[in-house]
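# Structure assessment
Listed below, chain by chain, are the residues.
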There are 2 protein chains.
Amino acid sequence: MSLIVQKYGGTSVANVERIKAVARKVYQRKREGHDIVVVLSARAGETDRLISLAHEVSPNPDPRELDMLLSTGEQVTIALFCMAMKDLGQKAISLTGYQAGIMTDDHYGEARITSINTAIIKEYLKDGYVVAVAGFQGYDPHHNITTLGRGGSDTTAVALAAALRADICEIYTDVEGVFTTDPNICSNARKLSKISYEEMLEMASLGAKVLHARAVEFGMKFNIPILVCSSFKDVPGTLVTGEDQDMEKYVVSGVTYTKNVGRITVTDVPDVPGMAARIFGPVGEAGINVDMIIQGSSGIPGKANISFTVSKSNYEKAMELVREIARDIGAGEVHGNDRIAKVSIVGVGMKSHSGVAGKMFSALAAENINIMMISTSEIKISVVIDEKYTELAVRVLHDTFELDKDPNGVFRVKEEPFE
Amino acid sequence: MSLIVQKYGGTSVANVERIKAVARKVYQRKREGHDIVVVLSARAGETDRLISLAHEVSPNPDPRELDMLLSTGEQVTIALFCMAMKDLGQKAISLTGYQAGIMTDDHYGEARITSINTAIIKEYLKDGYVVAVAGFQGYDPHHNITTLGRGGSDTTAVALAAALRADICEIYTDVEGVFTTDPNICSNARKLSKISYEEMLEMASLGAKVLHARAVEFGMKFNIPILVCSSFKDVPGTLVTGEDQDMEKYVVSGVTYTKNVGRITVTDVPDVPGMAARIFGPVGEAGINVDMIIQGSSGIPGKANISFTVSKSNYEKAMELVREIARDIGAGEVHGNDRIAKVSIVGVGMKSHSGVAGKMFSALAAENINIMMISTSEIKISVVIDEKYTELAVRVLHDTFELDKDPNGVFRVKEEPFE
């Protein structure tokens, strides 16, 4: 007998028929003798409906009240789901984030789970209940309702699995698993049977929407296997788990992209200590996350050019702020570009293989795609390019690293020095 | 400076524009220097929408899960309202039933408030907030969400006013106040400027839908003046308050009716001790409320006929149950009639005036309306009649007691013995 946490996303519970179908699936698993906790999202479209309702009231809805509003979406789903379970003859109980003991900090709209009191859930499991928990929500130390941000139900599920020491966390969604890249762009994208937490984390952060990055972090930290699979088709999914011997053969596991990027450049910044802090201090305080930062020499001695990227939603705000800062610190001009994209390759195999970066840059150069910025980590290489080349770059990289091929070591990078 | 609890019903917050209008009204009152707690209902139609969603899932939705579902309706309203308040520049905070400390028993769907912990509300009021509380909901000792039944937001408002020792509880609704009878039936129905708790309680119980009976009970118990007034028109409403000298002049204050009644008669019940208990024990255990009960002699010595009324929604269930019971106890036949109505006159003045009943019965007899059952209390007389005479009876009684006239003692009953 296992303890299983399952999460069903918005499309899986979009309407009454689908909610009943999920109930039947859960019922089958329960009858196999497992203890089951089900985390549910709001019905597809419901969160958007509530957000537009809020915007009808206010151009800039209060964040606490927005969370109060949005948290109703999941509450509706868990109630309907438990009604369906009980009609199948299975005891079931729904719990809001508060009732399930999911405590968060007080960052409305993007709260982080700080602790989970599992006592109530464990008691109901012991009594034979299927426990349905509202995803995406928690409560802060002052008992205010908080939400975890888009995709937060994934995080709820994996965090619950960790807190309950579940055997597995199953994420049921509208895709069949994790693919080597976006199948909409690259027709020969291949479904991975396994991927490491680190790779999945990079892919989630870099724009692959299949799993929320925070969820992967929880999985990694507490070593909870996460199975991503289809809610509609009975086909094998992708297991996100710790690194093993198989995985190292991949070298590159996936190509990701995001168009949600803007780049800002400040020219002729006086090259004295503390300048970076004077730029990025206020930007951070304004709640703007900076992704890549590059500092290069300007044409003028004693001056430097600084470029960085922000998400497109923060682009205008950041431009405005940085123009002020540039004046204050006696820098030159501020340029911006929000028609750019970030394309990345990810793979734990990179740790032990050099030459991957060179191969990537050559492949892009061969297509005359100019690289504006580069950033790397142990297991990923990201480049910023003109937005219009996004799809081309993804396909070229997918082909270059032969991601359509079976992973059993067909592809080998040449042992060239890392450049 | 006063502490005011205001309640706005579903039609008053039916859409975004109306929610904003309520926010402006509250803002004005707050600027006059008062402390304000606002209790809000679900938007008109929302509770029905959620109920039909539940019925799409299950023919007989689990009561706990139904409360989990329905409670989202008010949560949406309070969140939207507080967004609107903040856009007016007024601090406001929304609280669910749980957050507002409203504890109830665990009778899902018709829970009763058992205590209110006002600490959090008081703290926010002290800090200058307008506090918006979700009506109709609370939580039981195990932290399950409960609802108080239809019209329960009235109860939330008056109970909060009592717990907070508010100066007044204002109920904003889609009617202008309490009328001497239903203006849809009787064109010369008159709005009362004042009515006693006792009268209002009888009228609420007897079918006048303007105020929830439980709410009036709370008002009476804790002596909280309740002002019922229009959410849309700026006209004087009706003050529900303790008895005073003015009121005694009314004798009869109102005529109420309900068609939501069924009558069941068991013939030839053995006239031995314990028979009533053997009938009404199981009926009560089945959750069926019995209203009037009349026991009379049957034609056969040692046997009695017992008649009683139940609400129409319980009629079929009660008939079935009583047929079984009748067999068990060796009674005769079971007859039923669900095409009946109850018409009542209410007035604290009856306490000190006799002859009211006689006048009522004569007026009905003059119209050839047959009286099937009678029940009386100190301040009301109810009769059960054929449903088709309902409107006629209401108009006749309204005329007989001259309820269209100014209350200053125009009408005097003759000092006849009470029959």
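An unreviewed UniProt entry lists chain A under the name Aspartokinase, with Thermodesulforhabdus norvegica as the source organism. Recorded in UniProt under Sequence similarities (unreviewed entry), the annotation for chain A is "Belongs to the aspartokinase family." As its UniProt record puts it under Catalytic activity (unreviewed entry), chain A is described as follows: "L-aspartate + ATP = 4-phospho-L-aspartate + ADP".

### Side note on the pairing of strand 15 (residues 303-311) of chain B
Residue and element names in this part refer to chain B. In this sheet, strand 15 lies alongside strand 13 (residues 254-270) in antiparallel orientation, the contact comprising 8 bridges. Bridging from a neighbouring strand, V261 pairs with S311 of strand 15. Pairing geometry for strand 14 (residues 290-297) and strand 15, over 6 bridges, is antiparallel. Paired with Q295 across the strands is I306, a residue of strand 15. Hairpin connection from strand 14 to strand 15: 5 residues lie between these consecutive antiparallel strands, with G302 at a positive phi of about 75 degrees.

### Concerning the interface of chain B and chain A
Between chain B and chain A, the contact holds 41 residues from the first and 41 residues from the second. For the chain B face of the interface with chain A, the top three residues by lost area are V57, E65 and M83 of chain B, together amounting to 19%. Our count for the chain B to chain A interface comes out at 4 salt bridges. Its salt-bridge partner being E65 of chain B, residue K86 of chain A comes within 3.8 Å of it at the nearest N-O pair. If you list the elements that add at least two residues to the side of chain B that touches chain A, you get helix 1 (16-31), helix 2 (46-57), helix 3 (63-87) and strand 3 (92-95) of chain B. Residue contributions to the side of chain B that touches chain A peak at 17 residues, all from helix 3 of chain B. Within the side of chain B that touches chain A, the residues separate by chemical class into 23 nonpolar, 9 polar and 9 charged.

### Notes on a negative patch on the surface
Together, E316, E320, E324 and D328 of chain A line one region of the surface with negative charge. Counting through the fold element by element, E324 of chain A comes out in helix 10 (residues 312-329).

### What about the domain arrangement of chain A?
Splitting chain A by domain gives domain 1 (3-174) and domain 2 (244-419). The centre of domain 1 of chain A, based on its C-alpha atoms, is set 35 Å off from the matching centre of domain 2 of chain A.

### Some remarks on the nonpolar core
V5, V37, I121, V131, V133 and L211 of chain A are the most contacted members of the largest nonpolar core, which totals 45 residues. When residues of this core are assigned to their parent elements, the largest contribution, 6 residues, is made by helix 5 (residues 152-163) of chain A. With residues near it in sequence (within four places) discarded, V37 of chain A still touches I4, V5, Q6, I121, L125, V131, V133, L160 and L164 of chain A. Grouped together as the second largest cluster of nonpolar side chains are 44 residues, A100, I113, C169 and V178 of chain B included.

### Quick word on the pattern of salt bridges
Pairing is possible between side chains that carry opposite charge, provided their charged atoms lie close to one another. Scanning all chains against the criterion turns up 36 salt bridges over all chains. Residues participating in the shared-partner salt-bridge network are D62, R64 and E65 of chain A together with K86 of chain B.

### Focus: the relation of the copies chain B and chain A
Least-squares fitting of chain B to chain A yields an RMSD of 0.1 Å, with the transformation described by 0.1 Å of translation along the axis and a rotation of 180 degrees. Look at the turn and shift together and you get a two-fold axis relating the two. Taking C-alpha positions as reference, the residue of chain B nearest the rotation axis is T72 of chain B, located at 2.7 Å. A shared interface surface links the copies, since 100% of the contact residues of chain B are contact residues in chain A too.

### Examining helix 7 (residues 213-222) of chain B
Within an α-helix, residues lying three or four positions from one another point in the same direction, as the helix has 3.6 residues per turn. Residues and elements named next belong to chain B. Residues of helix 7 that are buried: R214, A215, V216, F218 and G219. Its buried side turned inward, helix 7 meets strand 5 (113-116), helix 5 (152-163), helix 6 (197-205) and strand 11 (226-230). N223 sits one or two positions beyond helix 7 and adopts a positive phi of about 55 degrees.

### Remarks on the UniProt feature "binding site: substrate" (unreviewed entry) in chain A
Residues and elements named next belong to chain A. UniProt's feature table lists "binding site: substrate" (unreviewed entry) at T47 and E74, given in the numbering used throughout. For the annotated residues, spread through 28 residues, the largest C-alpha to C-alpha distance comes to 8.9 Å, consistent with a single compact locus. Within the element layout of this structure, T47 appears in helix 2 (residues 46-57). Discounting residues that sit within four places of it in the chain, T47 has contacts with A42, L70, E74 and R150. By secondary structure assignment, the location of E74 is in helix 3 (residues 63-87). Residue contacts for E74: discarding those within four places in its chain leaves L40, S41, A42, T47, A134, G135, F136 and Q137. A polar contact is formed between the side chain of E74 and the backbone nitrogen of A42, at a distance of 3.3 Å.

### Some thoughts on the packing of helix 1 (residues 16-31) of chain A against helix 3 of chain A
Residues and elements named next belong to chain A. The interhelical angle for the contact between helix 1 and helix 3, taken along N-to-C directions, is 60 degrees, at an axis separation of 9 Å. Classified by the angle their axes make, helix 1 and helix 3 are oblique. Taken as a pair, helix 1 and helix 3 cross one another with a handedness that is right-handed. Only T77, L80, F81, A84 and M85 of helix 3 make contact with helix 1, whose side of the interface consists of I19, K20, V22, A23, V26 and Y27.

### Points about the packing of helix 5 of chain B against helix 7 of chain B
All names here are of chain B. Closest axis-to-axis distance for the helix 5/helix 7 pair is 7 Å, and the angle between their directions is 15 degrees. Comparing their axes, helix 7 and helix 5 come out roughly parallel. Of the two possible hands of crossing, helix 5 and helix 7 adopt the one that is left-handed. Contacts between helix 5 and helix 7 involve D154, T155, V158, A159 and A162 on the former and, on the latter, R214, A215, F218, G219 and F222. Tallied by class, residues from the contact of helix 5 with helix 7 come to 6 nonpolar, 2 polar and 2 charged.

### Let's talk about the sheet that holds strand 11 of chain B
Residue and element names in this part refer to chain B. In spatial order, the strands read 3-6-2-1-9-11-12-10; together these 8 strands make up an open sheet with mixed pairing. Two strands close off the open sheet at either side, each with one partner strand: strand 3 and strand 10 (194-196). Shown here is a sheet whose adjacent strand axes are inclined to one another by a mean of 20 degrees, direction ignored. Alignment of strand 9 (residues 168-173) against strand 11, held across 5 bridges, turns out to be parallel.

### Some thoughts on the packing of aromatic side chains
According to the stated counting rule, one finds 11 aromatic pairs over all chains in the structure shown. Between the aromatic rings of F280 of chain A and F308 of chain A, the centroid separation amounts to 5.0 Å while the plane-to-plane angle is 80 degrees, which identifies the pairing as edge-to-face. Taken as a pair, F280 of chain A in helix 9 (residues 275-285) and F308 of chain A in strand 15 (residues 303-311) lie far apart in primary sequence, 28 residues in all. Neither residue differs from the other here; F280 of chain A and F308 of chain A are each classed as buried. An angle of 15 degrees between the planes, with centres 6.2 Å apart, marks the rings of F218 of chain B and F222 of chain B as stacked. Taken as a pair, F218 of chain B and F222 of chain B lie in helix 7 at a separation of 4 residues, close to a single helical turn. A relative accessible area of 13% means that F218 of chain B is categorised as buried. Members of the aromatic cluster, each reached through a chain of ring pairs, are Y98 and Y139 of chain A together with Y98 and Y139 of chain B.

So, how was this worked out
Residues numbered from 1 in each chain as written. Chains lettered and ligands numbered in written order. Predicted model: local features only at pLDDT ≥ 70, side-chain atom pairs only at ≥ 80, totals over all residues. Heavy atoms only, no water. UniProt positions renumbered as here; feature names shortened; annotations may be inferred. Pairing = 2+ DSSP bridges. Helix = DSSP H or I, 4+ residues; strand = E, 2+ residues; numbered from the N terminus. Contact = heavy atoms within 4.5 Å. Buried area = accessible area lost by both parts, 1.4 Å probe. Salt bridge = Lys/Arg side-chain N within 4 Å of Asp/Glu carboxyl O. Nonpolar A, V, L, I, M, F, W, Y, C, P; charged D, E, K, R; others polar. Patch = residues over 30% accessible without salt bridge, like charges linked within 9 Å, V, L, I, M, F, W, Y side chains within 5 Å. Areas by Shrake-Rupley, 256 points an atom, 1.4 Å probe, with all protein chains shown as cover. Lys, Arg positive; Asp, Glu negative; His and termini not counted. Charge placed at Lys NZ, Arg CZ, Asp CG, Glu CD. Domains from an automatic or database assignment. Core = buried A, V, L, I, M, F, W, Y, C linked by side-chain atoms within 4.5 Å. Buried < 20%, exposed > 50% of the residue type's maximum accessible area, 1.4 Å probe, protein only. Least-squares fit on C-alpha atoms with pLDDT ≥ 70 in both. Polar contact = N/O pair within 3.5 Å; in protein donor to acceptor, adjacent residues only side chain to side chain. Axes fitted to C-alpha atoms, helices over the stretch in contact; angles between N-to-C directions. Parallel < 35°, antiparallel > 145°, perpendicular 65-115°, else oblique. Left-handed = near helix turned anticlockwise from the far one by under 90°. Phe/Tyr/Trp six-rings, centres within 6.5 Å; stacked < 30°, edge-to-face > 60°.

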